[in-house]
Amino acid sequence: MTQFVLAAVLGLLFALGTFLVLRRDIVRVVWGVTIISQSANVYLVTMGGLSGSVPILAHGAHGDLSGVTDPLVQALVLTAIVIGFGTTAFALVLTYRVHQEHGTIDLFELERGGDT
Amino acid sequence: MEPAHLVIAPLLTALVTAILTLATRSSLSIQRALSLVGGVGYLVGVGVLYNAVQTDADGVIVYQLSDWAAPFGITLVADALSVFMLGLAALVSLAALAFSVRFISDYGQRVSYHPLYHLMMVGVTGSFLTGDIFNLFVWFEVMLMSSYVLVAFYSGKQHTRAALTYVVLNLLGSAVMLLAIGGLYATTGTLNMADMARRLADHTAYGIDPAPVLGLSAILFTVFALKAGIAPFQFWVPAAYRAAPAPVAAMLAGVVKKVGVYAIIRLYFTIFAAATLPAGLSLPGLSGTAFLDFFGPVFFIMAAASILLGGYGAVGRRTLDGMLAYSSIGQVGFILLPLAVAATVPEVRTLGIAAALIYSLNHGFAKALLFLASGVIERMTGTLEFANLGGLTERAPVLSGGFFLGALALIGIPPLTGFFGKLLVFDTAARAGADLALAVALAGAILTIAYFSRAWNRGFWGDPVEILEQPSGTLTVAVAALALGVVVLGIGFDPVMDAANAAAGAALDRAGYVEAVAPEVVQ
């Protein structure tokens, strides 16, 4: 069941991200990119399989070592999240800078005001 | 010291330099000196590693981080292919660094230039050395994060706009790369490149279905094509290259682009080529069972599109840097073209990869030289519009000579490196009997001659324009050093060709690669 819910949520998130990336407003574009990269992270978690138990067993509390969810993908997601934070912060600062330079964050006006 | 430790030498040098230059921002002279020493140290580190790989019995040096055996730990691998690319990166980056010290304003250098530059080199080095596909993503991000800031460095109107396109596109590329890597992990069960190659070669034993692997590797290819600026993912290139400071544009075209090329050679010829698709592909124009049979036509179409589009775009540009940026799109097509032929025709595979590597080397040197020269010209005349340029041969003979040599190298005149690059590309196509590839290469070569003669006529001959400021000697020396490199590497071509052949051999020696990394068998 979890798989189906996640698959549907992932599809919706990617659709939403793509929709936002195609907006005229730069802040929305940045939001779109962030949502797409976050959904890539969720997708990465699902790649380890969802059937198992918690990957870290505290003092063997869960006893059975078989059927453990792959912990590697979670380590990968952690790395990807950290990188995602950094790039999102930079993209937002850049948006602010674009607003300072051009006086607008409308991509349409940005394109029209630019040189060829 | 064990030779294995030498693998991290260039990586550590660049990282330590980045940290030191960040710590010494208060004193500009110390920061500059440390940065240059770091650049030289990086070259020395690469040289030592190169020598170690040459003298190593297997020709592959593996460093298992924290001594965790592959495929559980992270692996760094230095073989002939990695060190060839590292050598290119070290030489070009040192020239661009020496140029930056005089070219970038004091304020700019104090703010962030040197740490960013060396961090970008950390990312480049890591990408060349990693033996782990997820770490390839991480190193790409390290490299790109620094390059984002460097593209937006001047933070003027055009620069922020170009940087925005560059950042958003690369962030989307990174998300796609994550998707492809996650999918590859789910289907093959490993992230270690050697382990992946081993499992793909024997996919039935490991229960791997090769069909999704082919699809995922195709998705991954779009990311590398985006980084390398191959058509149809080239649209960010002109704006970003024009916005970046001249030495950064030289690095982007000369070194960062080559990381995409390296990833294509490493992954598609060493790793994914291990797999076959027993059922074949039931798509028109794509027959055969090997993965490379599928990638060959794809590579070819993209290479041909890059060559024609880049060449056509460059002929029509009104500014010198715009022309160089479009030319860069065309030249990367010339690098991909022999790879396309090599993928389709197994007999010329070594020659094709060697041709791509020699062409990468030539493009790295010549395009970096041209971008640096364009930076000096802008400093001298205040403009890069062909309409306002003229008579530079009289005003700056050494600089013009350097530009001329760079242009000749890209056109392919003997005895410069470009001649051998072009010759090998044509040779690969001719030996494979690929008439279409020959025709495309010929058209590209003619376009190259057209736009460089146009640039030469408009910018360097004719009535001299007013010179606002004579550039300092260091800038001209950096340009001249790269021009000398193009000549020296062309005249003393034998060792270069040997290195490229060794690198091509290493790229195709899958068994040797897997054996050196020695991933433990896990079922």
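Because the structure is predicted, anything quoted here is derived from the model rather than measured.

K.L.:
Can you help me understand the overall build of chain B in this one?
P.N.:
Of the regular secondary structure elements, chain B holds 21 helices and two strands. For chain B, whose C-alpha radius of gyration is 22 Å, the value lies close to the compact-globule estimate of 24 Å for 523 residues. Based on the C-alpha atoms only, the size of chain B along its principal axes is roughly 70 × 55 × 45 Å. Considering only contacts in chain B between residues 6 or more positions apart, those separated by 24 or more positions represent 80%. Only carbon and sulfur atoms are counted for the fraction: they give 64% of the accessible area of chain B, which is about 17,100 Å². Side-chain charges in chain B split into 24 positive and 27 negative, and the spacing between the mean points of these groups amounts to 13 Å.

K.L.:
How do you make sense of the packing of aromatic side chains when you look at a structure like this?
P.N.:
Here a ring pair, both rings aromatic, is described through the centre-centre distance and the interplanar angle of the planes. Residues and elements named next belong to chain B. Applying the stated rule across the entire model yields 29 aromatic pairs over all chains. Pairing F334 with Y359 gives two aromatic rings, centres 5.4 Å apart and planes at 15°, and the pair type is stacked. With F334 in helix 13 (residues 320-344) and Y359 in helix 14 (residues 349-381), the pair connects residues that are 25 residues apart, well separated along the chain. Comparing F334 with Y359 shows no difference in burial state: the two are buried.

K.L.:
Quick question: what am I supposed to make of the layout of surface pockets here?
P.N.:
In this approach a probe as big as a water molecule rolls over the atoms, and the regions it shows empty are the leftover space. Reported here for the largest pocket is a volume of approximately 1,200 Å³. Taken together, 46 residues line the largest pocket, and the ones lying closest to its centre are Q158(B), R161(B), A162(B), A239(B) and R242(B). Considering each element in turn, the lining of the largest pocket owes the most residues, eight residues, to helix 6 (residues 157-188) of chain B. Of the pockets and cavities examined, the second largest pocket occupies roughly 480 Å³. For the second largest pocket, the lining is made up of 22 residues, of which L72(A), L76(A), F72(B), D132(B) and L191(B) are closest to its centre.

K.L.:
Honestly, the environment of L88(B) in this entry has me stumped. Any pointers?
P.N.:
All names here are of chain B. You can see L88 is positioned in helix 3 (residues 80-103). On the accessibility criterion, L88 (2% relative accessible area) is buried. Separated by 387 residues in sequence, L88 and L475 have C-alpha atoms that sit 20 Å apart. What L88 contacts, discounting residues up to four positions off in sequence, is G254, K258, S360, L361, G364 and F365.

K.L.:
Which parts of the structure should I look at to understand empty space enclosed by the protein?
P.N.:
The final tally for this structure, using the stated rule, is five cavities of 30 Å³ or more. There is about 140 Å³ of room inside the largest cavity. Along its surface, the largest cavity is lined by 15 residues, and S37(A), A80(A), G84(A), T87(A) and S174(B) are the ones closest to its centre. Elements supplying a minimum of two residues to the lining of the largest cavity: helix 2 (26-47) and helix 3 (71-102) of chain A together with helix 5 (133-151) and helix 6 of chain B. No other element matches the five residues that helix 3 of chain A contributes to the lining of the largest cavity.

K.L.:
When you look at the environment of L184(B) in this model, what are you seeing that I'm missing?
P.N.:
All names here are of chain B. You can see L184 is positioned in helix 6. Using a relative accessible area of 0% as the deciding quantity, one classes L184 as buried. With 179 residues separating them in the primary sequence, L184 and H5 have C-alpha atoms 30 Å apart. With residues near it in sequence (within four places) discarded, L184 still touches I133, G189, T190, M196, V213, L216, L220 and F272.

K.L.:
How should the environment of P247(B) be read in this particular structure?
P.N.:
Residues and elements named next belong to chain B. You can see P247 is positioned in helix 11 (residues 246-271). Expressed as a C-alpha distance, the spacing of P247 and I104, which sit 143 residues apart in the sequence, is 8.7 Å. Non-local contacts of P247, meaning those with residues more than four positions away in its chain, are made with A96, F99, S100, F103, I104, Y113 and L372.

K.L.:
Honestly, the interface of chain B and chain A in this entry has me stumped. Any pointers?
P.N.:
Buried accessible area, meaning the area lost when the parts come together, often serves as the stated size of an interface. Residue-level contacts link 30 residues of chain B with 34 residues of chain A. Together, the buried faces of chain B and chain A total about 2,800 Å²; carbon and sulfur atoms form 77% of this surface. Its largest share of buried area at the contact with chain A, chain B owes to R161(B), L164(B) and Y185(B), together 22% of the area lost on that side. The interface formed by chain B and chain A includes zero salt bridges. At the junction of chain B and chain A, the tally comes to six residue pairs in polar contact (both at pLDDT 80 or more). Looking at which element gives the most residues to the side of chain B that touches chain A, the answer is helix 6 of chain B, with 17 residues. For the side of chain B that touches chain A, the per-class residue count stands at 19 nonpolar, six polar and five charged.

K.L.:
What is the right way to look at a nonpolar patch on the surface in this model?
P.N.:
Residue and element names in this part refer to chain B. Among the surface-exposed residues, L12, L15, V16, I19, L20 and L119 lie close enough to one another that they form a single nonpolar patch of about 480 Å² accessible area. Take the nonpolar patch: its biggest share by element is five residues, from helix 1 (residues 9-23). Structurally, L15 can be placed in helix 1.

K.L.:
Would you mind showing me how to read helix 7 (residues 193-201) of chain B here?
P.N.:
Residues and elements named next belong to chain B. Across the nine residues that make up helix 7, a large majority, eight, are buried. All buried positions along helix 7 are accounted for by M193, A194, D195, M196, A197, R198, R199 and L200. A side-chain oxygen of the first residue of helix 7 lies 3.0 Å from the backbone nitrogen of A194; this N-cap is N192.

K.L.:
Looking at this model, I keep getting lost on the pattern of salt bridges. Mind explaining?
P.N.:
Side-chain pairs of opposite charge can arise whenever the charged atoms involved come near each other. Residues and elements named next belong to chain B. What the rule picks out here adds up to eight salt bridges over all chains. As a salt-bridge pair, R32 and D106 come within 2.5 Å of each other at their nearest N and O atoms. Note that R32 is positioned in helix 2 (residues 28-55) and D106 in helix 4 (residues 106-129), a separation of 74 residues in sequence. When its relative accessible area of 18% is taken as the criterion, R32 is described as buried. Of the charged contacts in the structure, one is a salt bridge between D321 and R242, with a shortest N-O distance of 3.7 Å. Taken as a pair, D321 in helix 13 and R242 in helix 10 (residues 237-243) lie far apart in primary sequence, 79 residues in all. A relative accessible area of 33% places R242 in the partly exposed class.

K.L.:
Whenever I open this one, unusual backbone geometry confuses me. Can you help?
P.N.:
Excluding glycine, residues mostly have negative phi values, and the peptide bonds linking residues are mostly trans. All names here are of chain B. Along the chain, A231 connects to P232 via a cis peptide bond; the corresponding omega equals 5°. With respect to the helices, strands and loops of the structure, P232 is situated in the loop between helix 9 (210-228) and helix 10. With an omega of 5°, the peptide bond between P414 and P415 qualifies as cis.

Cut-offs and rules
- Residues numbered from 1 in each chain as written.
- Chains lettered and ligands numbered in written order.
- Predicted model: local features only at pLDDT ≥ 70, side-chain atom pairs only at ≥ 80, totals over all residues.
- Heavy atoms only, no water.
- Helix = DSSP H or I, 4+ residues; strand = E, 2+ residues; numbered from the N terminus.
- Rg over C-alpha atoms; globule rule 2.2 N^0.38 Å.
- Contact = heavy atoms within 4.5 Å.
- Areas by Shrake-Rupley, 256 points an atom, 1.4 Å probe, with all protein chains shown as cover.
- Lys, Arg positive; Asp, Glu negative; His and termini not counted.
- Charge placed at Lys NZ, Arg CZ, Asp CG, Glu CD.
- Phe/Tyr/Trp six-rings, centres within 6.5 Å; stacked < 30°, edge-to-face > 60°.
- Buried < 20%, exposed > 50% of the residue type's maximum accessible area, 1.4 Å probe, protein only.
- 1 Å grid on protein atoms, 1.4 Å probe; cavity = no way out; pocket = protein on both sides within 12 Å on 5 of 7 lines; lining within 4 Å.
- Points joined across faces, edges and corners; volume = space filled by probe spheres on them.
- Buried area = accessible area lost by both parts, 1.4 Å probe.
- Salt bridge = Lys/Arg side-chain N within 4 Å of Asp/Glu carboxyl O.
- Polar contact = N/O pair within 3.5 Å; in protein donor to acceptor, adjacent residues only side chain to side chain.
- Nonpolar A, V, L, I, M, F, W, Y, C, P; charged D, E, K, R; others polar.
- Patch = residues over 30% accessible without salt bridge, like charges linked within 9 Å, V, L, I, M, F, W, Y side chains within 5 Å.

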